[in-house]
Amino acid sequence: MSSTRTLVSPAALARPRGKVLYWTVFSGVVLLFALAFLFPVYWMVTGALKSPDEVARTPPTLVPEQWHLTAYTDAWDLMQLPRHLWNTLVQAAGAWAFQLVLCTAAAYALSKLRPAFGKVILGAILATLMVPAQALVVPKYLTVADLPLLHTSLLNDPLAIWLPAVANAFNLYLLKRFFDQIPRDVLEAAEIDGAGKLRTLWSIVLPMSRPVLGVVSIFALVAVWQDFLWPLMVFSDTDKQPIGVALVQLSQNIQLTVLIAAMVIASIPMVALFLVFQRHIIAGISAGSTKG
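Okay, so let's go over this structure. This is a predicted model, so every value here is computed, not measured.

The rules behind the values
- Residues numbered from 1 in each chain as written.
- Predicted model: local features only at pLDDT ≥ 70, side-chain atom pairs only at ≥ 80, totals over all residues.
- Heavy atoms only, no water.
- Salt bridge = Lys/Arg side-chain N within 4 Å of Asp/Glu carboxyl O.
- Helix = DSSP H or I, 4+ residues; strand = E, 2+ residues; numbered from the N terminus.
- Buried < 20%, exposed > 50% of the residue type's maximum accessible area, 1.4 Å probe, protein only.
- Axes fitted to C-alpha atoms, helices over the stretch in contact; angles between N-to-C directions.
- Parallel < 35°, antiparallel > 145°, perpendicular 65-115°, else oblique.
- Left-handed = near helix turned anticlockwise from the far one by under 90°.
- Contact = heavy atoms within 4.5 Å.
- Nonpolar A, V, L, I, M, F, W, Y, C, P; charged D, E, K, R; others polar.

**Examining the pattern of salt bridges**
Phase 1 of the analysis: If you walk through the whole model with that rule in mind, you get four salt bridges.
Phase 2 of the analysis: Between Arg83 and Asp239 there is a salt bridge whose closest N-O contact spans 2.6 Å. In this pair, Arg83 is assigned in helix α5 (residues 81-113) and Asp239 in the loop between α13 (229-234) and α14 (243-249), connecting sequence segments 156 residues apart.
Phase 3 of the analysis: Judged by relative accessible area, Arg83 falls into the partly exposed class, the value being 39%.
Phase 4 of the analysis: Here Lys197 and Glu191 are joined by a salt bridge, their closest N and O atoms 3.2 Å apart.
Phase 5 of the analysis: Classification of Lys197 as partly exposed rests on a relative accessible area of 44%.

**Re the packing of α5 against helix α9 (residues 169-180)**
Phase 1 of the analysis: Where α5 meets α9, the closest approach of the two axes is 8 Å, and the angle between their N-to-C directions is 45°. Looking at the two axes, α5 sits oblique to α9. For the pair α5 and α9, the crossing hand works out as right-handed. Listed contacts from α9 to Gln99, Cys103, Thr104, Ala106, Ala107, Tyr108, Leu110, Ser111 and Lys112 of α5 are Asn171, Leu172, Leu175, Lys176, Phe179 and Asp180.
Phase 2 of the analysis: Of the residues contributing to the contact of α5 with α9, the split by class is eight nonpolar, four polar and three charged.

**Some remarks on unusual backbone geometry**
Phase 1 of the analysis: Residue Pro59 follows Thr58 across a cis peptide bond; omega there is 0°.
Phase 2 of the analysis: We note that Arg114 has phi near 50°; this positive angle belongs to a residue other than glycine.
Phase 3 of the analysis: Secondary-structure assignment places Arg114 in the loop between α5 and α6 (118-127).
Phase 4 of the analysis: Phi is positive for His151, which is not a glycine, with a value near 50°.
Phase 5 of the analysis: For His151, the location among the structural elements is in the loop between α7 (137-145) and α8 (159-166).
Phase 6 of the analysis: For His151, a relative accessible area of 61% translates into the label exposed.

**Some words on the packing of α6 against α9**
Phase 1 of the analysis: Taken N-terminus to C-terminus, the directions of α6 and α9 make an angle of 135°; their axes are 9 Å apart at the nearest point. Between α6 and α9, the angle falls in the class oblique. In this structure, α6 crosses over α9, and the sense of that crossing is left-handed. From α6, Leu122, Ile125 and Leu126 reach across to α9, where they touch Ala169, Leu172, Tyr173 and Lys176.
Phase 2 of the analysis: Looking at the contact of α6 with α9 residue by residue, the class counts come to six nonpolar, no polar and one charged.

Given below as structure tokens:
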């Protein structure tokens, strides 16, 4: 029988002193990691509750001396957050829908339909991951400014966000790798029952792929929500800008506490999204270890 060597032997951990030492060290490490991740969030939320003088004070105060909620209401009204949050929601939802539909279809075709030159196509798609994103900004801008064949401009249009988001090689490869692990016997059984390729995808493959679809959804939404350079280039109209660009454009004559409050409000949707999909994220991370 092979034994696993550890830093502390199981016999030492079984003693009362070993248990106390183990749980002390474990609790201390967990507490340090919790403080490292949660303290910046606490500092941002409470910073908006302080007065402008208290925010700029040195040394800073850990707890606000007086709680001011007006910064959040001012940020909501002065910075037109409802409009810009709606713009961001429309852009992120459209990019998510386009990317999920087209990347799923392409990954299913490359994984299960085995088209001619499929490996070559997949290699060419993966090769785009080696190109820096900054090198693609100018070609993308020239494309959306004068769409080939149609000769129309997509500037100040959500399509300028949706269409480039479809070409996501990483998410496509992630979906393909998951589809590769689906047992062939399951698909053959569906074919015997008379299901076509599209019906097999809809009724068999997609229900089994919920974990990875949740992970891809998170990646797609977060990528659009946190993007700054590309929306700044394609949205010159302030009323159509997403929240990330609008915060920078409207922050010049805004108090610091109001700006911090706007950042807190802008981060709430992504935090809520993570809390809703955290189970799918964990399942998607462990999905790669599932044997097909």
